Amino acid sequence: MVKGGLTTRGPRNLLRQIREAMAGGGPAQDRLDMVVRVIAQSMVAEVCSIYLRRASGELELFATQGLNPEAVHNTRLRPGEGLVGEVARLAQPISLSDAPSHPSFSYRPETGEDPFHAFLGAPLLRGGRAIGVLVVQNRAARRYDEEEVEDIQTIAMVLAETVASGELLAQDELRDVEVAPHRPERLKGQKFAEGLAYGVVVQHEAPLAPEQLLSDDPVAEEKRLAQALSALKAGIDAMLEGGQSKLGGTSLEVLETYRMFADDRGWNRSLEEAVRSGLTAEAAVDRVRNEHRARFASARDPYIRERLHDFEDLANRLLRVLAGDNPGQRDLPDDAILVARNLGPADLLEYPRHKLRGLLLEEGSAASHAAIVARALQIPCVGRLQGLRDRLSEGDQVIVDGETGEAYLRPRPDMLAAVQSRMVVREQRRAEFDLLRDTPAVTRDGTRITVLTNAGLAVDLENLDATGAEGIGLFRTEFQFMVSDELPRLDAQTALYKLVLDAAGNRPVTFRTLDIGGDKVLPYLDNEREENPALGRRAIRLGLDRPALLRMQVRALLTAAAGRELRVMFPMIATVDEFRAARELVDVECDWARRRGRPLPSLLRVGAMVECPSLLWHLDALLPLTDFVSIGTNDLLQYMFAADRTNPLVSDRYDPLSPPALRALAEIQQKCADSATPVSVCGELAGRPLEAFALITLGYTRLSAPAGGVGPVKRMILSADLPAARRGMNVLLGSSAGSVRGEIESLARKLNVIV
């Protein structure tokens, strides 16, 4: 029996021979033929073949040593057909001692492969996609050993890079070989932030392509790899110990996962073996990353897919360590569309705002803070786009449609023209809203509605004057904590709150105290892992458990508001006792300031957010204790319907315009009116014209909307006649339907309300 394997230890000698064959002159086919001859000879194989993927998905035989030469460019396998198709489908090697007996074997008489039993195939991976397959075969029924499988993977990686770069075949010789996606595609996702944009793709922390694949000194490369791994682990250790975090907003759990994977023996061993086979450290990382992407990308188990992302992010960071680059210092083209798996709010804020046109995410949710930041910056954003990054290359043109929740990759000229026309219409609408900026929001029947805006970043303050909002109905204070590498000090908090009040002038500002926990975890705070964090120790619960944290924030707010009105509200109040305890901390801080002769606000109002259903049956006890309440419809409805709004599998299981939701909102409004307690709505519903129409019809006269919703909501208010609308709404509240959205739309059209 013939023993396979390379004729010299390691593939370095073979890789050099391949390089020489590729560098030689002559037609491309002659060079390909030379490559397969060199591989066959070096691996003691009687057959060596290269298949490349056409744009149709078929795998075409491009070169062979040992099979019938007439089959070259004539033999094509459909996607998934035969063992070659199976290698491409699985994107991992297949080794068989008796290929014809395998159920996936596909006999092609024109190839003359009847005598060959042993089969070893490896995918040519590019960006996690198989762009071809490299195959060696032998007559004898033998099983290829681990070294041979390792060798063919290394060779396949080099071939994939050289094919994709045009080094082996010129672009005109490749014809329609699909080395990267190039056809127009449309992906359906979810809209996270309204708007339209088009531009060129910029990958967030895009993988660095290795400039040099082959190493001249494996010992030196192994040392470089070891040093880079050591630096990578030291950096993660520093983050875990509370040092400077380069992953702003990343949770402690994620950092611990990073550290665990950085020590993973299998990952480290794969990197070391790739370097010892003759690759540079960068090429070794690239190869191992591609193998992990191909292996896990098709996994259905979300846990396994998360492990893929852990390894991939770790590999990208290791490549940057090797290159000496700082990921946070990238420039952008003037028309950048940022593409990422997911983003934290700090990640998004690292990019130049004036150059960022749109954002596309593979994951995330409309309730994520990256999406909230995108809305605050008025950057169109679409998320939940499966397979997005594998379908795009850096520099591709792309359209972000934040109105329909779609992305158009490499769009046709007619599609681009259509989007440009829509953008002109949007600009005209924006000009129309600008004309309404200083117009009071009064309905046709004379009801005055106060329209405020939501904020959380310093940049949001620009929207106050731009939109004509009458104040800030919700200032999310947690963003300052989430984009910081350490707990913001008292003076930093005070400075931000003073900046907000100064920008608002005489307009009211309602500060929500720190709402962290759940999906908003701070890496510099010790947090125990919870099975259901959305229902765990978050928001006011965390503040009451850590009174020093809450007291420091209240002290900063009191100091910033000296001599001015201050409105503070506590999030996620579930019981009346929680509100009493939180208000007592405010009283303690006020007493502390008085004893030291420090100035206090001229007027202090303390309120509660109604977002826990338990309060619906205890408002009679809560309202007399509060100066105002604000309804957080995002959380209130997800708790009412027991459907996580950040989980795409269940987030669409209920409609906010359903009878139970509307009845709950109507009851809150009525009890606030009975007790003369000021009430507002600050959830996402307040920023959508149709939903806002339902709210004012229920009696709400104070809405706080995202900046982009202020104009459309104000236009709706100016067109509404509330007495007629209320008569129609009262009928709908008694409906047994799961949603009355269509009926409310019909009511609005009948009354000529612009929604």
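What counts, and where the lines are drawn
- Residues numbered from 1 in each chain as written.
- Predicted model: local features only at pLDDT ≥ 70, side-chain atom pairs only at ≥ 80, totals over all residues.
- Heavy atoms only, no water.
- Helix = DSSP H or I, 4+ residues; strand = E, 2+ residues; numbered from the N terminus.
- Buried < 20%, exposed > 50% of the residue type's maximum accessible area, 1.4 Å probe, protein only.
- Contact = heavy atoms within 4.5 Å.
- Areas by Shrake-Rupley, 256 points an atom, 1.4 Å probe, with all protein chains shown as cover.
- Axes fitted to C-alpha atoms, helices over the stretch in contact; angles between N-to-C directions.
- Parallel < 35°, antiparallel > 145°, perpendicular 65-115°, else oblique.
- Left-handed = near helix turned anticlockwise from the far one by under 90°.
- Nonpolar A, V, L, I, M, F, W, Y, C, P; charged D, E, K, R; others polar.
- Pairing = 2+ DSSP bridges.
- Phe/Tyr/Trp six-rings, centres within 6.5 Å; stacked < 30°, edge-to-face > 60°.
- Core = buried A, V, L, I, M, F, W, Y, C linked by side-chain atoms within 4.5 Å.
- Polar contact = N/O pair within 3.5 Å; in protein donor to acceptor, adjacent residues only side chain to side chain.
- Salt bridge = Lys/Arg side-chain N within 4 Å of Asp/Glu carboxyl O.
- pLDDT = per-residue confidence, 0-100.

Explain the overall build of the protein to me, please; I cannot follow it from the model alone.
In terms of helices and strands, the protein carries 26 helices and 22 strands. Across the 755 residues that make up the protein, the buried fraction comes to 57%. A separation threshold of at least 6 residues defines the contact pool for the protein, and within that pool the share at least 24 residues apart is 68%. In the form shown here, the protein has an accessible surface area of approximately 31300 Å², with 49% of it arising from carbon and sulfur atoms.

Help me understand the packing of helix α21 (residues 633–640) against helix α22 (residues 659–674) in this model?
Between two packed helices, the angle of one axis relative to the other and the distance separating the axes together describe the packing. The interhelical angle for the contact between α21 and α22, taken along N-to-C directions, is 125°, at an axis separation of 11 Å. Here α21 lies oblique to α22, going by the angle between them. Both α21 and α22 take part in a crossing whose hand is right-handed. Contact residues: T633, L636, L637 and M640 in α21; P660, A661, A664, L665 and I668 in α22. For the contact of α21 with α22, the residue count by class is eight nonpolar, one polar and no charged.

In this structure, what is going on with the side chain of T494? I would like to understand it.
Along the chain, T494 turns up in helix α16 (residues 490–504). Excluding residues within four positions of it along the chain, T494 makes contact with A556, T559 and A560.

Before we go on, may I ask you to explain the sheet that holds strand β11 (residues 356–361) in this structure?
Hydrogen bonds between backbone atoms are what pair the strands of a sheet, whose relative direction is either parallel or antiparallel. Strand order in the open sheet formed by eight strands is β7-β14-β13-β9-β10-β11-β12-β8, and the pairing between neighbours is mixed. A strand with exactly one partner marks an edge of an open sheet, and here the two such strands are β7 (185–188) and β8 (190–193). On average, each strand axis in the sheet is inclined to that of its neighbour by 30°, with strand direction left out of account. Two strands pair when backbone bridges link them, and β11 and strand β12 (residues 381–383) are joined in this way by two bridges, in the parallel orientation. Looking at the pairing, L360 lines up with V382 of β12. Running at roughly 125° to strand β9 (residues 196–203), helix α13 (residues 413–435) makes contact with β9, β13 (397–401) and β14 (406–409) of the sheet.

Please explain the packing of aromatic side chains as it appears in this structure.
Any two aromatic rings considered together are summarised by their centre-to-centre distance and by the angle between their planes. Per the stated rule, a full pass over the model turns up four aromatic pairs. Ring centres of F570 and F579 lie 6.2 Å apart, and the angle between their planes is 70°; on these two criteria the pair is classed as edge-to-face. Here F570 matches F579 in class, with each residue buried. Aromatic side chains F641 and Y654 sit 4.7 Å apart centroid to centroid with 0° between the ring planes, which places their arrangement in the stacked category. Remark: Y654 occurs in the loop between α21 and α22 and F641 occurs in the loop between α21 and α22; sequence separation between them is 13 residues.

What should I look at first to understand the sheet that holds strand β5 (residues 118–126) in this one?
Spatially, β3-β2-β1-β6-β5-β4 is the arrangement adopted by the six strands of the open sheet, whose pairing is antiparallel. The open sheet has two edge strands with one neighbour each: β3 (76–77) and β4 (94–96). When β4 meets β5, the two strands line up antiparallel, connected through three bridges. Counterpart to I94 in the pairing with β5 is G121. Contacting β1 (47–53), β2 (59–65), β3, β4, β5 and β6 (129–138), helix α3 (residues 82–90) runs over the sheet at an angle of about 40° to β5.

Just checking my understanding: could you explain the packing of helix α25 (residues 722–733) against helix α26 (residues 741–750) for this structure?
Two numbers describe how α25 lies on α26: the axes approach to 10 Å, and their chain directions differ by 165°. Our classification of the angle between α25 and α26 gives roughly antiparallel. Between α25 and α26 lies a crossing whose hand is right-handed. Note on element contacts: α26 touches α25 through E743, I744 and L747, opposite A725, G728, M729 and L732. A breakdown of the residues in the contact of α25 with α26 according to their chemical character gives five nonpolar, one polar and one charged.

Got a minute to help me understand the nonpolar core in this structure?
Where a protein is soluble and globular, its nonpolar side chains tend to be buried together. Grouped together as the largest cluster of nonpolar side chains are 92 residues, with contacts concentrated most on F511, I631, L662, I668, Y700, L703 and I744. Setting aside chain neighbours within four positions, we find I744 in contact with L657, L662, L690, F693, A694, M729 and L732.

Explanation requested: α3 in the structure shown.
Count 3.6 residues to each turn of an α-helix, and residues three or four apart come out pointing the same way. In terms of burial, α3 is largely enclosed, as seven of its nine residues are buried. Taken residue by residue, α3 has G82, L83, V84, G85, E86, V87 and A88 as its buried positions.

For this particular structure, what's the right way to read the side chain of Q153?
Residue placement: Q153 occurs in helix α4 (residues 146–165). Residue class for Q153 comes out buried when judged on its relative accessible area of 15%. In this structure, Q153 is in contact with P93, A122, R287 and E291, ignoring residues within four places of it in sequence.

Looking at this structure, how should I read the environment of R512?
You can see R512 is positioned in strand β17 (residues 509–512). For the pair R512 and V568, spaced 56 residues apart in sequence, the C-alpha to C-alpha distance is 6.0 Å. What R512 contacts, discounting residues up to four positions off in sequence, is L474, F475, R476, T477, E478, Q553, M569, P571 and M609. A distance of 2.6 Å separates a polar atom in the side chain of R512 from a polar atom in the side chain of E478.

It is not clear to me how unusual backbone geometry should be interpreted in this structure. Could you clarify?
Peptide bonds are mostly trans, and most non-glycine residues show a negative phi. One non-glycine residue with positive phi stands out, namely A91, at about 55°. Position of A91 among the secondary structure elements: in the loop between α3 and β4. Looking at A91, the relative accessible area reads 9%, which means it is buried. In this structure, R384 is a non-glycine residue whose phi angle is positive, near 60°. With respect to the helices, strands and loops of the structure, R384 is situated in the loop between β12 and β13.

Sorry if this is basic, but what is going on with the pattern of salt bridges here?
For side chains bearing opposite charge, pairing can occur when the charged atoms are close. Counted under the stated rule, the structure contains 45 salt bridges. Where R410 meets E185, a salt bridge forms, and the shortest distance between an N and an O atom there is 3.1 Å. Taken together, the residues span a long stretch of sequence, with R410 in the loop between β14 and α13 and E185 in strand β7 at a distance of 225 residues. Look at E185 and you get partly exposed, because its relative accessible area is 27%. Between R537 and D545 there is a salt bridge, with the nearest N and O atoms lying 3.7 Å from each other. With relative accessibility at 32%, the residue R537 sits in the partly exposed group. According to the relative accessible area criterion, D545 is partly exposed, its value standing at 47%.

How should I be thinking about the confidence of the model for the protein in this particular structure?
A low pLDDT score tells you not to read the predicted coordinates there in detail. This prediction gives the protein a mean pLDDT of 83; 83% of its residues lie at or above 70. Here residues 242–255 scores under 50 on pLDDT; set against residues more than four positions off or in separate chains, the count is 30 contacts.

What am I meant to see in the environment of F116 here?
Within the secondary structure, F116 sits in the loop between β4 and β5. When the C-alpha atoms of F116 and E46 are compared, they prove to be 8.4 Å apart, with 70 residues separating the residues in sequence. In this structure, F116 is in contact with E46, V47, G66, L67, P100, Q137, N138 and R139, ignoring residues within four places of it in sequence.

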